[in-house]
Each structure stands twice: as C-alpha cells, then as structure tokens.
Amino acid sequence: MISKVKKAQILSLLNSGKRIDGRSLEQYRQIKVETNLISRADGSARVSLGDTLVLVGVKYEVGPPFPDTPDLGVLTVNAEFLPLASPTFESGPPDENAIELARVIDRSLRKSNAVDLTKLCLIPGKSVWIAWVDIYVLNHDGNLIDASALATSAALLTSKIPKAEVEGDKVKVIYEERLPPPLTSLPVTVTVAKIGGALVVDPVLDEEEVADAKIAMSVVGDKICAAQKMGEGSFEVAEVKKAASLAIEKAKELQDKLIQLPKP
C-alpha cells in the first residue's frame, strides 16, 4: 500500500500538470523492444516500459480444434506473474490479476482479428495449429497491459510456424522449414489512469495504487477495437472520450516500435 504522504505528493504534482517521475501527463516512459530471445520458442519478445519488464513466448503445435469451431485454429493466451517481479506476487496458480491480464490481451487479439485462424486449420474437425502465447512478468512497475500487448504483437510478428503437410488424415510437421504466421493486424493497448481529476498515460505502480480507475484501450491503426475498465472508480462520458482520443494518438508510438522491428 502506498503511504498517505506519497499519495498527497502525487495528487499535488498532478494538479500542477506534473508527475512523480518528471513526465508530462500524456508521456510514455522509455520503451525498448527486443525479439528472438528464446531459441526454443517459435517467436519471442521482451519489452521494457521504464522499469516494467515483460517477456512473451509463442509456440505452435498441432492439436484438435474446439468442437464448436472445427475449421479454426486455436489461440491461447496465458500470463504468469513471477514472484521475483514484485513482493506482492506469489508462486502457485495464476491469481485474478494474471487471469485478467491474459483475458485483456486475448480479447485484444480476437477483436482485432490479429491472427487469421481459418489459415491455421489443417484437417477440419481433427487437426489445427494451436498458437500458445505465454506472458511472463519479470518486473512490475506499473502498466503491465501495455507492455504485455506490445510484447505479444512483437513476438507474433517475428514468429515462424513449422511447415505442415497433410497426407490423408495425418499431418507431417517439417520443423526445418518455417513460414510466417497469418497475421492480419497488430493490436497495441494504451492504458489511461484517472487520478483525482487528471488522466495520465502509462501509469507507474505508485500511480496505479492511488488511481480511482484505469481504462485500457486496444487500438489497430486509428480505431479502437476493445476496452477494459479496471478499478472501483468511474469515468465520466467526457473522460472516456478523452481517453479514447489519447489512446489513438499514443498508439502510434507503440505501432512505430513494431514497424521498426527487423523481420525474421
């Protein structure tokens, strides 16, 4: 829990248009994206957002489709908060925070149609590609959603799927040959926190702990495809509109990081 003195300091600074780390209200921390870090993964990326550090690995394997979508591949997102990342993280099954993070990233990918799941089908009703996206939080200093979304898109963008040949009702996987995944878009998220009467982009951990509420908006191009509100407080209609405008504007900075990545 943050002290009352620290909370008063944060609110006082925000009232004068400043933040505890010297940034403006609409400024991201320094962003760094690294890819192809895990040799045994089919794709990987590490994103640092200030002192927040997230690693994402992508793995493709052949398996059965869901019964209600026999002609679609499977996309599964998991998140793990490693105990070394924060004194508040504990070992064991994912808690509600890890589950929420995974769901927000999963929704962002699905609502943006990031992966063309029809092209991951090998034998309808029997065999499809399953894309596993695993998110590992290595250090927590706020805004895990934006860091995780950026790392996920970077890992998918630079991933490769092994070649598969269908022979009758069997699938032969050729690991020596690899193809790019069928991506149609690369979503990013922009998180805006409401603290008192101020809206701030990319909140650090101390700001998150005093925030009335947060809203994470998933953006593709210049359109919002999904949103997640968090916290017990509320946003006025005008505040939601301002947060949406900020999300579209600031998403360009994150999208530029993906454009600059070296292609595999």
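Residues numbered from 1 in each chain as written. Predicted model: local features only at pLDDT ≥ 70, side-chain atom pairs only at ≥ 80, totals over all residues. Heavy atoms only, no water.

Draft legend 1. The arrangement of the environment of V166 in detail. Note on placement: V166 falls in strand 7 (residues 161-167). Distance from V166 to I123, taken between C-alpha atoms, is 7.6 Å for residues 43 residues apart in sequence. Every residue in contact with V166, bar those within four places of it in the chain, is listed here: L122, I123 and V171. (Helix = DSSP H or I, 4+ residues; strand = E, 2+ residues; numbered from the N terminus. Contact = heavy atoms within 4.5 Å.)

Draft legend 2. Molecular detail of the packing of aromatic side chains. Counted by the stated rule, this structure contains 1 aromatic pair. Plain terms: the ring middles of F81 and F89 are 4.7 Å apart, the flat faces sit at 35° to each other, and that makes the pair tilted. Judged by its relative accessible area of 11%, F89 is buried. (Phe/Tyr/Trp six-rings, centres within 6.5 Å; stacked < 30°, edge-to-face > 60°. Buried < 20%, exposed > 50% of the residue type's maximum accessible area, 1.4 Å probe, protein only.)

Draft legend 3. Just the layout of surface pockets, in detail. Reported here for the largest pocket is a volume of approximately 830 Å³. Along its surface, the largest pocket is lined by 26 residues, and N97, H140, L205, E208 and K214 are the ones closest to its centre. Taken together, the elements giving at least two residues each to the lining of the largest pocket come down to helix 2 (96-111), helix 3 (144-157), helix 4 (205-210) and strand 11 (213-220). Here the lining of the largest pocket is composed, by residue class, of 11 nonpolar, 8 polar and 7 charged. Here the second largest pocket is characterised by a volume of approximately 190 Å³. Lining the second largest pocket are 13 residues, with F81, E90, G92, P93 and D95 sitting closest to its centre. (1 Å grid on protein atoms, 1.4 Å probe; cavity = no way out; pocket = protein on both sides within 12 Å on 5 of 7 lines; lining within 4 Å. Points joined across faces, edges and corners; volume = space filled by probe spheres on them. Nonpolar A, V, L, I, M, F, W, Y, C, P; charged D, E, K, R; others polar.)

Draft legend 4. Region of the structure containing the pattern of salt bridges. As enumerated under the stated definition, the model contains 15 salt bridges in all. Across the pair E207 and R19 runs a salt bridge whose closest N-O atoms are separated by 2.8 Å. One end of the pair, E207, is in helix 4; the other, R19, is in the loop between helix 1 (4-15) and strand 1 (31-35), and 188 residues separate them in sequence. Just as E207 is buried, R19 falls in that class too. What you see here is one network of salt bridges that share partners, running through R19, D21, R23, R29, D141, D202 and E207. (Salt bridge = Lys/Arg side-chain N within 4 Å of Asp/Glu carboxyl O.)

Draft legend 5. Summary view of the side chain of Q255. Position of Q255 among the secondary structure elements: in helix 5 (residues 237-259). Apart from the residues within four sequence positions on either side, Q255 is in contact with V188, V219, V220 and G221.

Draft legend 6. The arrangement of helix 1 in detail. When the terminal C-alpha atoms of helix 1 are compared, their 16 Å separation across 12 residues agrees well with the 16 Å that a helix rising 1.5 Å per residue should span. Phi for G17, located one or two positions after helix 1, is positive at around 80°. (Expected span 1.5 Å × (residues − 1).)

Draft legend 7. The arrangement of the pairing of strand 3 (residues 52-63) in detail. Bridging between strand 2 (residues 43-49) and strand 3 involves 7 bridges; their strand directions are antiparallel. Bridged to S44 within strand 3 is G57. Of the strand pairs in this sheet, strand 3 and strand 6 (residues 127-139) are connected by 11 bridges, and their pairing is antiparallel. Its bridge partner lying in strand 6, L53 is registered against N139. (Pairing = 2+ DSSP bridges.)

Draft legend 8. Quick look at helix 3. If you check helix 3, its first and last C-alpha atoms are 20 Å apart, about what 14 residues at 1.5 Å a residue would give, namely 20 Å. When you tally the buried positions in helix 3, you get 14 out of 14 residues, the bulk of the element.

Draft legend 9. Region of interest: the side chain of S112. Along the chain, S112 turns up in the loop between helix 2 and strand 5 (121-123). Judged by its relative accessible area of 10%, S112 is buried. For S112, the side chain forms a polar contact with the main-chain oxygen of S108, separated by 2.8 Å. Looking at S112, its side chain comes within polar contact range of the main-chain oxygen of L109, at 3.2 Å. With residues near it in sequence (within four places) discarded, S112 still touches T184, S185, P187, V220 and C225. (Polar contact = N/O pair within 3.5 Å; in protein donor to acceptor, adjacent residues only side chain to side chain.)

Purely geometric numbers; function is a separate question.
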